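Listed below are the residues making up each chain.
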Amino acid sequence: MTQHSPSRGPLHPSAETAEWWRSAVIYQVYPRSFADADGDGIGDLPGITAKLDHLRELGVDAVWISPFYPSPQADAGYDVSDYCDVDPLFGTLADADALISRAHELDLRIIVDLVPNHTSDQHPWFRRALTAGPDSPERDWYLFRDANPEDPERPPNNWESVFGGPAWSTTPDGQWYLHLFDSSQPDLNWANPQVREAFEDVLRFWLDRGVDGFRVDVAHGLVKAAGLPDAAQTTEEMQGDGMATGAAPYWDQDGVHEIYLDWRRLLDEYPGERVLVAEAWVQPYARIARYVRPGEFHQAFNFSFLDASWDAPALRECIEESFRANDVVGAPTTWVLSNHDVIRPATRLALDPEHFTSQLGAAVPAPDRELGARRARAATTAMLALPGSAYLYQGEELGLFEVLDLPEEVRQDPTFHRTSGRRLGRDGCRVPIPWERGAPAFGFSESGAAWLPQPAGYGDLAVDQQKGCGSSHLELVRRLLALRAERGLGTGSFDFVDPRPDSSAEGSDAAAAGSAAAADFRDGSTGGTAAGPCADILAFDVTAAVGTTRVVLNLGATAWPIPADAEVLAASDPTVTDRVPTDCAVWLAIG
Ligand code: BGC
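For every chain, the first residue of the written sequence is number 1, and numbering continues from 1 along that sequence. Note on the predicted model: pLDDT of at least 70 is required for a residue's local features to be given, and 80 or more for side-chain atom pairs to be given and counted; whole-chain, interface and lining totals, by contrast, use all residues. Note that the side-chain values use all heavy atoms of the structure and ignore hydrogens as well as water.

## Side note on the overall build of the protein chain
So, step 1. Strands are runs of DSSP state E lasting at least 2 residues, helices are runs of H or I lasting at least 4, and numbering of each runs from the N terminus. Counting secondary structure elements, the protein chain contains 16 helices and 18 strands.
So, step 2. Residue exposure (1.4 Å probe, protein chains only): buried if accessible area is under 20% of the type maximum, exposed if over 50%, otherwise partly exposed. Buried residues in the protein chain amount to 63% of all 591 residues.
So, step 3. The contact criterion used is simple: two residues touch if any of their non-hydrogen atoms lie within 4.5 Å. Taking the contacts inside the protein chain whose residues are at least 6 apart along the sequence as the reference set, 70% of them involve residues at least 24 apart.
So, step 4. Only carbon and sulfur atoms are counted for the fraction: they give 50% of the accessible area of the protein chain, which is about 20800 Å². All accessible areas in this document rest on Shrake-Rupley with a 1.4 Å probe, and a residue is counted as covered only by the protein chains that are shown.

Following this line, the structure appears as structure tokens:
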């Protein structure tokens, strides 16, 4: 299994040749919760600009910023009412320009979010469609349908909103409009060429301002099956209670690819390798790979990694299948453990796998915080060595946990309200991040205001508490990123190795593994066993610019002895010397 990538050139955004995105570490900023410069309790663009040095020091290559456009904020900005401006909550266009230019000075690339599946119901396109009335060209920008002739009370089909409840709402004149998300997020009609043209203008608007790419929201949803037929399954049957992934007449229709071929052509007219990243919750792997075929997206989020249960065979299968599917189309794999839609890994990894991508029901018992933090460190350590591009969601580098006990009255996620609290929704991973333990709002906002209350436990995890402290989560991530750059990881060839320990290790718990196994290990041969005493170890080699890095992640109960001739480069557990304990990952220099 091999993921090759040319070595990366200088990071200056005008560099035209380097395929920087193949191995980039991309940090997601959720603007309302990152840093608040104007004191209103909501993070903003000047706040982000002021903290870019922190991201530079951390060692990431690019920053993806969730939507900051004018919006009624019914879905935290994913309900856009003007694609070519900045919401006053977050600043001005001049602030966006300043952010982009400061990022480029620091050799950080900027990826902005594009939300093409739906607009806000306050967008002038939707307002004029409502005014123009049935059968008008204005209505053809959206998916309006007449009421069911047999029962005007029933929506035109049985589709359900991802956030709960029906995917249709009525207008005063009796027509219905489709919204796969909240009723304030009407779906656009991508069969209408005017919609396509309008979005090309939006792409150009931001490309002309210097952005380095777009993360495309709900990339798998833009085209709906002709005739809008009933879905065979309910949303819950398809997705448990997380984001929809399964087959449906509104997900992953073949027609979406045509749109992205056009967009890619447009991006390629610009210098500097501007990128398209697909948010496409589709299965199986081969279907995701269709989004990253030559001429389409550069990357697609690999949610299977985030979704894999905490056991070696599941992770191994995910890694194997991810490479297999992406290698066929020559695209890099991405690795994602977290984002603003899922439970933070420091909490999720201590939960039963059934809750991994769900938005947690109120009845789920609080998970063990220490266990979750330990596993999150190990997961990040394993992830950052894998060939391909990796994503970090703000606060992941601090080991922040999900805030499960937010009071009902502060919750804002439409999921919570549309399911009458049956699903807690995503507010718990969106709480403003802590910068300074002793400062108001933990340094998020000088005024002390924060749009969601921060738990007391965030103080100990603040940046100032972790910075310079060798054993902290933050310093671990910084070290991993420095080593990644130094050793050329993110690129290179990849092989699973037999995880059986060197039987010569004194006092080894697993010495019984035998000398043949030890020889396998030293030879770095492939083909780790899926059963037997080592089924709980995930071990792989990445050979890149500087030697071979062996990664060993212990998911079992028995400590794994580190061979005497291996140098420990990094360990997710700072106490590691000669063994890898349970829920720990190490990077070893081999040979
Ligand atoms: C975004 C969500 C958003 C939804 C609707 C997504 O997948 O990541 O935060 O609620 O699209 O725009």
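## Focus: the nonpolar core
Within soluble globular proteins, side chains that are nonpolar tend to cluster in buried spots.
So, step 1. Residues grouped as a nonpolar core are buried Ala, Val, Leu, Ile, Met, Phe, Trp, Tyr and Cys residues, joined through side-chain atoms within 4.5 Å. Phe 214, Tyr 260, Trp 263 and Trp 587 are the most contacted members of the largest nonpolar core, which has 149 residues in total.
So, step 2. Structurally, this core is a two-domain feature, drawing no fewer than three residues from each of domain 1 (21-118 + 193-485) and domain 2 (124-178).
So, step 3. Here Tyr 260 is in contact with Val 216, Ala 219, Leu 222, Leu 276, Tyr 291, Gly 295, Glu 296 and Phe 297, once residues within four sequence places are set aside.
So, step 4. If you look at the next biggest cluster of nonpolar residues, it comprises 16 residues, including Ala 167, Phe 181, Ala 231 and Ala 248. Here the bounds of each domain stem from an automatic or database domain assignment.

## Details of the site of the ligand
So, step 1. Each residue is tested against the molecule or strand, and it is near if at least one of its non-hydrogen atoms lies within 4 Å. In the vicinity of the ligand lie 14 residues, with Asp 75, Asp 217, Glu 279, His 340 and Asp 341 positioned nearest.
So, step 2. Counting of polar contacts relies on pairs of N or O atoms within 3.5 Å, with two restrictions inside protein: one atom must be capable of donating a hydrogen and the other of accepting it, and residues adjacent in sequence are counted only when both atoms are side-chain atoms. A distance of 2.9 Å separates an oxygen atom of the ligand from a polar side-chain atom of His 340.
So, step 3. At 3.0 Å from an oxygen atom of the ligand is found a side-chain nitrogen or oxygen belonging to Arg 426.
So, step 4. Calculation on the ligand without its partners gives an accessible area of 310 Å², and the protein chains cover 99% of this total.
So, step 5. Gly is put with the polar residues, along with every residue not named as nonpolar or charged; the nonpolar set is Ala, Val, Leu, Ile, Met, Phe, Trp, Tyr, Cys and Pro, and the charged set is Asp, Glu, Lys and Arg. In the shell around the ligand, the residues fall into 5 nonpolar, 2 polar and 7 charged.

## Some thoughts on the pairing of strand β12 (residues 493-496)
So, step 1. Here β12 shows one buried face, formed by Phe 494 and Phe 496, and one open face, formed by Ser 493 and Asp 495.
So, step 2. When DSSP locates at least two bridges between a pair of strands, those strands are taken to pair. Sheet topology note: the β12/strand β13 (residues 537-543) ladder contains 4 bridges and is antiparallel. Bridge pairing links Phe 494 to Val 542 in β13.

## Digging into the sheet that holds strand β11 (residues 389-393)
So, step 1. As summarised here, the arrangement of the 8 strands in space is β9-β8-β7-β3-β2-β1-β11-β10, forming an open sheet in which the pairing is parallel. Both edges of this open sheet fall to β9 (299-300) and β10 (334-336), since each of them pairs with a single strand only.
So, step 2. Taken together, the 3 bridges between β10 and β11 define a ladder with parallel strand orientation. Across the sheet, Thr 334 pairs through a bridge with Ser 389, a residue of β11.
So, step 3. What counts as an axis is a line fitted to C-alpha atoms, over the stretch in contact for a helix, and the angles between N-to-C directions run from 0 to 180 degrees. Each of β3 (109-114), β7 (213-216) and β8 (275-278) is contacted by helix α7 (residues 256-268), which is oriented at about 155° to β8, the strand it contacts most.

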